[in-house]
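# Remarks on the overall topology
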Amino acid sequence: MTTRTLFITATFLLSPFIATAQLPGVDLGNLTISPQNPGPNQLVTAKLNSNVTDLNRADITWSVNGQTVQNGKGMKVFTFTAGNLGTRTTLEVMMVSSEGYPWTQSITLSPAKVDLLVEALSYTPPFYRGKAYFPYQGQARVVAVPSFVDENGKQIPPERLVFKWKEGERNLVDSSGAGRNILIYKGSIPIRSKGVSVEVTSLDQQYVAEKTINVTPTEPKIVLYEDDPEYGVLYNRALSNPLSLNKEQLAIAAAPYYFNTSAIGNISLKYEWNLNGTPVGNGENSLVLHNPGGGGGTASLSLQLSNTVDYFQFASASLNINFGTAARSLFGL
């Protein structure tokens, strides 16, 4: 979203408004705009308010860049379009109250904008074509991409901008500052969607832009694949349920999706395999099933995967297996 600001004359650089009233000690009105920080070519609604005089009886004139656009009695609301990047738009409202007192106020807008890009820092297996999702207690890289153009048409680089990051209403002070356009965001407890926002200002505070994005966590999952002795893990085809074991042996590999890890065998990941309720395997992400032949039967294979550091990250998978001998023979026992 975006920006507004600033000054009217060199005398008032620190204030976005200048107002004069000829009724001693009384300010007849107050000018507000919505959105507060309009972006380039964005529709803006301006409104004149007063607790002193009846605006319905006042003569009100609205001007944009010195050109009168609207006037008449009781014209309290006015809409206009902000300019392009690198331009300034000056809005002025002039009023003569029903008591005969003149009053004027103006505001100058300098449009800018900023976009937010979110990249989840979670695991996906090789050759995965989709995007990584943000898991429970996950981490994400949030990048602010500002578009700040000065009145000379030059892009203002990020190192000359100040970035103020927030999670909800909480200021992320350690992640904010000049040139700090990247936020490494860590999901917190309770697990729920959080709003991450950034306010970007130029060093001279003439340009302001802001943006908010909701970061919604998703549940991690685990998928089982065949680990072929010649081609490796066949990530292009997940094992279907039920599974027919029609070869002498079958190696199964488990692939975690959207866990906080950069490696499938990270020590923080705990793999718990069970065959018909009995623990099997060696705590790794793979195991080998053997089929010595003989009489047929079925078995239930399951896997529980958990993150021992981020406790809300866990997933499970299961297979019903049809085979040619007793269930315990699947592992050559």
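Not measured: the values here are computed from a predicted model.

## Describing the overall build of the chain
Regarding its fold elements, the chain presents 0 helices and 25 strands. Each of the 333 residues in the chain was classed as buried or not, and the buried ones make up 42%. Considering only intrachain contacts with a sequence separation of at least 6, the fraction spanning at least 24 residues in the chain is 65%. If you sum the accessible surface of the chain, you get close to 17500 Å²; carbon and sulfur atoms cover 49% of it.

## What about the sheet that holds strand E3 (residues 43–49)?
Across a sheet, paired strands are connected by hydrogen bonds in the backbone, their directions being either parallel or antiparallel. Judged by pairing direction, the sheet is antiparallel, and its 3 strands sit side by side in the order E2-E3-E6 without closing on themselves. A strand with exactly one partner marks an edge of an open sheet, and here the two such strands are strand E2 (30–34) and strand E6 (77–81). With direction set aside, neighbouring strand axes in the sheet form an average angle of 25°. Pairing of E2 with E3 involves 5 bridges; the strand directions are antiparallel. Across the sheet, the residue bridging to Ile33 is Ala46, located in E3.

## Focus on the packing of aromatic side chains
Under the counting rule described, the total for this entry stands at 7 aromatic pairs. Seen from their ring centres, Tyr225 and Tyr235 are 5.2 Å apart, and the 70° between their planes marks the pair as edge-to-face. Highlighted residues: Tyr225 in strand E17 (residues 221–228) and Tyr235 in strand E18 (residues 232–238), separated in sequence by 10 residues. Using a relative accessible area of 4% as the deciding quantity, one classes Tyr225 as buried. Taking relative accessible area as the criterion, Tyr235 reaches 22% and is therefore assigned partly exposed.

## Some points on the pattern of salt bridges
Enumeration over the complete set of coordinates arrives at 10 salt bridges. Across the salt bridge formed by Glu226 and Lys247, the nearest N and O atoms sit 2.9 Å from each other. One end of the pair, Glu226, is in strand E17; the other, Lys247, is in the loop between strand E19 (243–244) and strand E20 (249–257), with 21 residues separating them in the sequence. When its relative accessible area of 36% is taken as the criterion, Lys247 is described as partly exposed. Between Lys270 and Glu272 there is a salt bridge whose closest N-O contact spans 3.9 Å. Overlapping salt bridges, with partners in common, bring together Glu167, Arg170 and Lys194 in one network.

## With respect to unusual backbone geometry
The peptide bond linking Ser34 to Pro35 adopts the cis configuration, its omega dihedral lying at 0°. With respect to the helices and strands, the residue Pro35 is situated in the loop between E2 and E3. The omega torsion across Asn241 and Pro242 is 5°, close enough to zero to call that bond cis. With respect to the helices and strands, Pro242 occurs in the loop between E18 and E19. A positive phi angle, near 70°, is found at Phe127, a position not held by glycine. With respect to the helices and strands, Phe127 occurs in the loop between strand E9 (113–120) and strand E10 (139–147). Under the relative-accessibility criterion, Phe127 is labelled exposed at 78%. Positive phi, normally seen in glycine, also occurs at Asn276, with a value near 50°. Within the element layout of this structure, Asn276 appears in the loop between strand E21 (269–275) and strand E22 (278–280).

## So, the confidence of the model for the chain
Confidence in the prediction for the chain averages 87 pLDDT; 88% of positions are at 70 or higher. Scored below 50 in pLDDT, residues 325–329 shows 14 contacts in the model against residues more than four places distant or in partner chains.

## A word on the environment of Ser193
On the secondary structure map, Ser193 appears in the loop between strand E14 (182–186) and strand E15 (194–202). For the pair formed by Ser193 and Pro217, sequence separation is 24 residues and the distance between their alpha carbons is 6.4 Å. With residues near it in sequence (within four places) discarded, Ser193 still touches Asn214, Val215, Thr216 and Pro217. Here Thr216 takes part through its side chain, which lies 3.1 Å from a polar atom of the side chain of Ser193.

## A closer look at the environment of Gln249
Turning to its location among the elements, Gln249 is positioned in strand E20. Judged by its relative accessible area of 46%, Gln249 falls in the partly exposed class. Note: C-alpha distance between Gln249 and Leu289 (40 residues apart in sequence) is 5.3 Å. Filtering out sequence-adjacent residues up to four positions away, Gln249 remains in contact with Val288, Leu289 and His290.

## Some points on the pairing of E17
Side-chain direction in a regular strand flips from residue to residue, so the side chains alternate between the two faces of the sheet. In terms of burial, E17 is a largely internal element, 6 of the 8 residues being buried. In this structure, E17 lies alongside E20, joined through 6 bridges in antiparallel fashion. Looking at the pairing, Tyr225 lines up with Ala253 of E20. Of the pairings in the sheet, the one linking E17 to E18 comprises 3 bridges and is antiparallel in character. Bridge pairing links Tyr225 to Ala238 in E18. Counting the residues between successive antiparallel strands, the hairpin from E17 to E18 contains 3 residues.

About the thresholds
Residues numbered from 1 in each chain as written. Predicted model: local features only at pLDDT ≥ 70, side-chain atom pairs only at ≥ 80, totals over all residues. Heavy atoms only, no water. Helix = DSSP H or I, 4+ residues; strand = E, 2+ residues; numbered from the N terminus. Buried < 20%, exposed > 50% of the residue type's maximum accessible area, 1.4 Å probe, protein only. Contact = heavy atoms within 4.5 Å. Areas by Shrake-Rupley, 256 points an atom, 1.4 Å probe, with all protein chains shown as cover. Pairing = 2+ DSSP bridges. Axes fitted to C-alpha atoms, helices over the stretch in contact; angles between N-to-C directions. Phe/Tyr/Trp six-rings, centres within 6.5 Å; stacked < 30°, edge-to-face > 60°. Salt bridge = Lys/Arg side-chain N within 4 Å of Asp/Glu carboxyl O. pLDDT = per-residue confidence, 0-100. Polar contact = N/O pair within 3.5 Å; in protein donor to acceptor, adjacent residues only side chain to side chain.

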